[in-house]
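As a plain string of letters, each chain reads:
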Amino acid sequence: MSAPSVDVPGAPLPPRPDTPCVAVCSTTFDDVCRGCGRTVVEVAHWVSMTAEQKEAVWQRILAQGYPRRNT
């Protein structure tokens with residue numbers, strides 16, 4: 001069974017936390033946060049993004065191994 005695609009209108013989105021933020025914010029060397037994997041622009045616009053836009057970000061950052069939590 002495959003994960004729901006954000007390209008299918010009306011497809012149910014998987015449950016996610018409100019934000020991928022893990023309170024390990026660092027964009028010292030580039031425009032990507034080392035904690036959550038979002039770009040500076042994505043962090044700044046997160047609250048105004050649609051659920052589909054957020055899901056696209058979630059899919060990308062999860063595929064890249066984010067968010068990174070200290071355990």
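Every chain's residues receive numbers from 1 upward, in the order its sequence appears when written. The predicted nature of this model means local features are confined to residues of pLDDT at least 70 and side-chain atom pairs, given and counted, to a pLDDT of 80 or more, with totals for whole chains, interfaces and linings taken over all residues. Note that the side-chain values use all heavy atoms of the structure and ignore hydrogens as well as water.

Asker: Just checking my understanding: could you explain the overall build of the chain for this structure?
Answerer: Along the chain, the regular secondary structure elements total 2 helices and 0 strands. Only heavy atoms matter for contacts: two residues are in contact if any of them lie within 4.5 Å across the pair. Here the analysis covers contacts within the chain between residues at least 6 apart in sequence; of these, 48% occur between residues at least 24 apart. Each helix is a run of DSSP H or I of at least 4 residues and each strand a run of E of at least 2, with the numbering of both proceeding from the N terminus.

Asker: It is not clear to me how helix H2 (residues 51-63) should be interpreted in this structure. Could you clarify?
Answerer: Along an α-helix, residues three or four apart share an orientation, since each turn contains 3.6 residues. Helix span is expected to be 1.5 Å times the residue number reduced by one. Between its first and last C-alpha atoms H2 spans 18 Å; for 13 residues at 1.5 Å apiece the expected length is 18 Å, and the two agree. With a 1.4 Å probe rolled over the protein chains alone, any residue whose accessible area is under 20% of its type maximum counts as buried; one over 50% counts as exposed, and the rest are partly exposed. Within H2, the full set of buried residues consists of Glu 55, Val 57, Trp 58 and Ile 61. End-on, the buried residues of H2 take up no more than an arc of 160 degrees, which puts them together on one face. Against the buried residues of H2 lie helix H1 (40-45). By arc we mean the arc of the directions from the helix axis to the C-beta atoms, nothing more.

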